[in-house]
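Structural overview
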Amino acid sequence: VLRRHAAATRGRTGPEQSQGVRDRAVAALREVAIADPERRWAAYPFELSGGMCQRVMIAIALACRPALLIADEPTTGLDVTTQAAVMDLISGLARERQMATLFITHDLALAAEYCDRIVVMHAGHVVEIAPTAQLFAHPRHPYTARLIATTPDAGSDLRSLAAIPGYLPDLRRSDLPACRFLERCERTEAACGE
(Lines give C-alpha, C1' and ligand atoms only; values in the text may rest on other atoms or scores of the structure.)
Protein backbone atom coordinates (compact mmCIF):
# COMPACT_ATOMS: atom_id res chain seq x y z
CA VAL A 1 0.00 0.00 0.00
CA LEU A 2 2.73 2.46 0.94
CA ARG A 3 4.85 1.71 -2.11
CA ARG A 4 1.91 1.94 -4.46
CA HIS A 5 -0.04 4.88 -3.09
CA ALA A 6 2.24 6.99 -0.91
CA ALA A 7 5.37 7.03 -3.06
CA ALA A 8 7.43 5.60 -0.21
CA THR A 9 10.88 4.27 -0.93
CA ARG A 10 12.41 0.99 0.28
CA GLY A 11 15.09 2.81 2.24
CA ARG A 12 16.40 6.24 2.93
CA THR A 13 18.58 7.80 0.27
CA GLY A 14 18.78 11.23 1.81
CA PRO A 15 17.13 13.45 4.41
CA GLU A 16 14.83 14.99 1.79
CA GLN A 17 13.57 11.55 0.68
CA SER A 18 10.42 10.03 2.13
CA GLN A 19 10.71 7.68 5.08
CA GLY A 20 11.41 4.04 4.22
CA VAL A 21 8.56 1.60 3.69
CA ARG A 22 9.47 -0.56 6.68
CA ASP A 23 9.72 2.43 9.02
CA ARG A 24 6.38 3.77 7.83
CA ALA A 25 4.73 0.36 8.14
CA VAL A 26 6.01 0.00 11.71
CA ALA A 27 4.79 3.52 12.50
CA ALA A 28 1.34 2.65 11.07
CA LEU A 29 1.19 -0.47 13.27
CA ARG A 30 2.22 1.59 16.29
CA GLU A 31 -0.63 4.07 15.59
CA VAL A 32 -3.20 1.28 15.86
CA ALA A 33 -1.70 0.01 19.13
CA ILE A 34 -0.11 -3.21 17.86
CA ALA A 35 2.20 -4.47 20.59
CA ASP A 36 5.84 -4.75 19.50
CA PRO A 37 5.25 -3.41 15.95
CA GLU A 38 8.91 -3.88 14.96
CA ARG A 39 8.47 -7.63 15.41
CA ARG A 40 4.88 -7.84 14.13
CA TRP A 41 5.34 -6.00 10.81
CA ALA A 42 6.51 -9.19 9.06
CA ALA A 43 4.11 -11.57 10.85
CA TYR A 44 1.72 -13.80 8.93
CA PRO A 45 -2.03 -13.44 9.67
CA PHE A 46 -2.17 -16.85 11.39
CA GLU A 47 0.37 -15.53 13.91
CA LEU A 48 -2.01 -12.74 15.00
CA SER A 49 -5.28 -12.76 16.94
CA GLY A 50 -8.53 -11.67 15.27
CA GLY A 51 -8.35 -8.27 16.94
CA MET A 52 -4.75 -7.78 15.85
CA CYS A 53 -5.67 -8.71 12.26
CA GLN A 54 -8.42 -6.07 12.36
CA ARG A 55 -5.92 -3.51 13.64
CA VAL A 56 -3.50 -4.40 10.84
CA MET A 57 -6.28 -3.88 8.28
CA ILE A 58 -7.05 -0.49 9.85
CA ALA A 59 -3.34 0.40 9.71
CA ILE A 60 -3.26 -0.53 6.02
CA ALA A 61 -6.39 1.52 5.32
CA LEU A 62 -4.98 4.55 7.15
CA ALA A 63 -1.35 4.28 6.00
CA CYS A 64 -1.78 6.82 3.20
CA ARG A 65 -3.72 9.30 5.37
CA PRO A 66 -7.09 9.19 3.56
CA ALA A 67 -9.67 11.94 3.98
CA LEU A 68 -12.39 9.26 4.05
CA LEU A 69 -12.27 5.81 5.66
CA ILE A 70 -14.88 3.28 4.53
CA ALA A 71 -15.12 0.66 7.28
CA ASP A 72 -17.29 -2.21 6.04
CA GLU A 73 -18.21 -4.45 8.99
CA PRO A 74 -14.87 -3.79 10.76
CA THR A 75 -15.88 -5.73 13.86
CA THR A 76 -17.37 -8.89 12.34
CA GLY A 77 -16.30 -12.00 14.21
CA LEU A 78 -14.78 -10.14 17.15
CA ASP A 79 -15.78 -10.55 20.79
CA VAL A 80 -17.54 -7.58 22.43
CA THR A 81 -14.43 -6.28 24.23
CA THR A 82 -12.25 -6.39 21.11
CA GLN A 83 -15.11 -4.92 19.09
CA ALA A 84 -15.27 -1.90 21.42
CA ALA A 85 -11.48 -1.49 21.31
CA VAL A 86 -11.45 -1.53 17.49
CA MET A 87 -14.33 0.96 17.27
CA ASP A 88 -12.70 3.25 19.86
CA LEU A 89 -9.50 3.08 17.83
CA ILE A 90 -11.25 3.98 14.55
CA SER A 91 -13.24 6.84 16.09
CA GLY A 92 -10.18 8.19 17.94
CA LEU A 93 -8.02 8.18 14.81
CA ALA A 94 -10.86 9.75 12.80
CA ARG A 95 -11.12 12.62 15.31
CA GLU A 96 -7.36 13.04 15.54
CA ARG A 97 -6.94 13.14 11.75
CA GLN A 98 -10.21 14.97 11.03
CA MET A 99 -11.09 12.08 8.76
CA ALA A 100 -14.64 11.30 7.67
CA THR A 101 -15.66 7.71 8.36
CA LEU A 102 -18.36 5.69 6.65
CA PHE A 103 -19.17 2.78 8.96
CA ILE A 104 -21.16 -0.03 7.32
CA THR A 105 -22.80 -2.44 9.74
CA HIS A 106 -25.82 -4.57 10.51
CA ASP A 107 -25.39 -3.80 14.23
CA LEU A 108 -27.70 -0.91 15.11
CA ALA A 109 -26.50 -0.80 18.71
CA LEU A 110 -22.93 -0.30 17.54
CA ALA A 111 -24.02 2.36 15.04
CA ALA A 112 -25.97 4.14 17.78
CA GLU A 113 -22.87 4.31 19.94
CA TYR A 114 -20.36 5.49 17.32
CA CYS A 115 -22.22 7.29 14.52
CA ASP A 116 -23.42 10.89 14.27
CA ARG A 117 -25.82 10.13 11.44
CA ILE A 118 -27.36 6.87 10.21
CA VAL A 119 -28.51 5.84 6.75
CA VAL A 120 -30.85 2.84 6.80
CA MET A 121 -30.96 0.70 3.68
CA HIS A 122 -33.34 -2.08 2.69
CA ALA A 123 -32.80 -4.29 -0.38
CA GLY A 124 -30.28 -1.86 -1.86
CA HIS A 125 -32.35 1.30 -1.36
CA VAL A 126 -31.93 4.09 1.17
CA VAL A 127 -35.15 4.26 3.19
CA GLU A 128 -34.17 6.79 5.87
CA ILE A 129 -31.38 9.21 6.79
CA ALA A 130 -31.34 10.97 10.15
CA PRO A 131 -29.12 12.08 13.01
CA THR A 132 -28.63 9.08 15.30
CA ALA A 133 -30.65 10.32 18.29
CA GLN A 134 -33.52 11.41 16.05
CA LEU A 135 -33.57 8.11 14.16
CA PHE A 136 -33.88 6.07 17.36
CA ALA A 137 -36.38 8.42 19.00
CA HIS A 138 -38.63 8.88 15.95
CA PRO A 139 -38.01 6.42 13.12
CA ARG A 140 -39.97 7.56 10.08
CA HIS A 141 -39.83 4.52 7.82
CA PRO A 142 -41.61 1.32 8.91
CA TYR A 143 -38.51 -0.76 8.13
CA THR A 144 -36.39 1.41 10.44
CA ALA A 145 -38.99 1.08 13.19
CA ARG A 146 -39.00 -2.71 12.77
CA LEU A 147 -35.19 -2.88 12.85
CA ILE A 148 -35.11 -0.93 16.09
CA ALA A 149 -37.80 -3.20 17.55
CA THR A 150 -35.71 -6.28 16.69
CA THR A 151 -32.58 -4.93 18.39
CA PRO A 152 -32.09 -6.36 21.88
CA ASP A 153 -31.04 -4.17 24.79
CA ALA A 154 -30.01 -4.90 28.35
CA GLY A 155 -33.60 -5.08 29.61
CA SER A 156 -35.15 -7.18 26.86
CA ASP A 157 -35.70 -10.90 26.57
CA LEU A 158 -36.18 -12.97 23.43
CA ARG A 159 -39.99 -12.95 23.71
CA SER A 160 -40.07 -9.14 23.55
CA LEU A 161 -38.15 -8.95 20.27
CA ALA A 162 -40.33 -8.44 17.21
CA ALA A 163 -39.45 -10.30 14.03
CA ILE A 164 -39.81 -8.70 10.62
CA PRO A 165 -42.30 -10.85 8.70
CA GLY A 166 -41.88 -11.95 5.10
CA TYR A 167 -38.83 -12.12 2.87
CA LEU A 168 -36.62 -9.77 0.92
CA PRO A 169 -37.92 -9.15 -2.59
CA ASP A 170 -36.25 -10.89 -5.51
CA LEU A 171 -34.00 -8.09 -6.75
CA ARG A 172 -33.84 -9.68 -10.21
CA ARG A 173 -37.49 -8.80 -10.83
CA SER A 174 -38.10 -5.99 -13.30
CA ASP A 175 -41.34 -4.91 -11.60
CA LEU A 176 -39.98 -4.00 -8.16
CA PRO A 177 -42.08 -1.41 -6.34
CA ALA A 178 -40.57 1.98 -5.44
CA CYS A 179 -40.43 0.90 -1.78
CA ARG A 180 -38.98 -2.58 -1.62
CA PHE A 181 -40.41 -3.07 1.87
CA LEU A 182 -43.95 -2.75 0.47
CA GLU A 183 -44.88 -6.45 0.63
CA ARG A 184 -43.71 -6.76 4.27
CA CYS A 185 -45.14 -3.50 5.59
CA GLU A 186 -48.20 -2.98 7.78
CA ARG A 187 -48.38 0.75 6.91
CA THR A 188 -48.72 0.42 3.13
CA GLU A 189 -50.26 3.33 1.23
CA ALA A 190 -50.93 3.84 -2.48
CA ALA A 191 -47.88 6.09 -2.80
CA CYS A 192 -45.54 3.30 -1.63
CA GLY A 193 -45.66 1.53 -4.98
CA GLU A 194 -45.07 4.64 -7.07
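A brief structural summary.

**A short note on the packing of aromatic side chains**
Inspection of every chain in the model, using the stated rule, returns two aromatic pairs. Taking the centre distance of 5.7 Å and the plane angle of 10 degrees together, the rings of Y44 and F46 count as stacked. Across this residue pair, the class does not change: Y44 and F46 are exposed.

**Things to note about the pattern of salt bridges**
Counting across every chain of the model gives eight salt bridges. A salt bridge links R30 to E38; its shortest N-O distance comes to 2.2 Å. For E31, the salt bridge is made with R65, and the minimal N-O distance between the two is 3.0 Å. Of the two residues, E31 sits in helix α2 (residues 21-31) while R65 sits in the loop between α4 (50-62) and β1 (68-72), which places them 34 residues apart along the sequence. Residue class for R65 comes out exposed when judged on its relative accessible area of 52%. By sharing partners, the salt bridges in this structure join E31, R65 and R97 into a single network.

**As for helix α5 (residues 80-97)**
Side chains three or four residues apart in an α-helix point the same way, a direct result of the helix having 3.6 residues per turn. For α5, which comprises 18 residues, the first-to-last C-alpha distance of 26 Å matches the rise-based estimate of 26 Å (1.5 Å per residue) to within 8%. Within α5 the residues assigned to the buried category are Q83, V86, M87, L89, I90, S91, L93, A94 and R97. On its buried face, α5 sits against α2, α4, β1, β2 (100-104) and α6 (108-114). Between the side-chain oxygen at the start of α5 and the backbone nitrogen of T81 there is a gap of 3.1 Å, and the oxygen is on D79. Immediately downstream of α5, the backbone of Q98 shows phi near 55 degrees, a positive value.

Each value, and the rule that gives it
- Numbering of residues starts from 1 in each chain and follows the order in which that chain's sequence is written.
- It should be noted that, the model being predicted, local features are given only for residues of pLDDT at least 70 and side-chain atom pairs only at 80 or more, the latter also being counted only at that level, while totals for whole chains, interfaces and linings use all residues.
- Heavy atoms throughout the structure, all of them, feed into the side-chain values; hydrogens and water do not.
- Two rings belonging to Phe, Tyr or Trp (six-membered ring only in the last case) form a pair when the distance between their centres is within 6.5 Å. Interplanar angles under 30 degrees mark stacking, angles over 60 mark edge-to-face geometry, and anything in between is tilted.
- Remark: exposure states derive from per-residue accessible area (1.4 Å probe, protein chains only) relative to the maximum for the residue type, with buried under 20%, exposed over 50%, and partly exposed in between.
- Each reported salt bridge corresponds to a side-chain nitrogen of Lys or Arg within 4 Å of a carboxyl oxygen of Asp or Glu.
- To qualify as a helix, a DSSP run of H or I must reach at least 4 residues; to qualify as a strand, a run of E must reach at least 2; elements of each kind are numbered from the N terminus.
- One less than the number of residues in a helix, times 1.5 Å, gives the span that helix is expected to have.
- Contacts are residue-level and defined by heavy atoms, with any inter-residue pair within 4.5 Å sufficient.
- The definition of a polar contact used here is a pair of N or O atoms within 3.5 Å, where within protein one atom must be able to donate a hydrogen and the other to accept one, and adjacent residues in sequence count solely through side-chain atom pairs.

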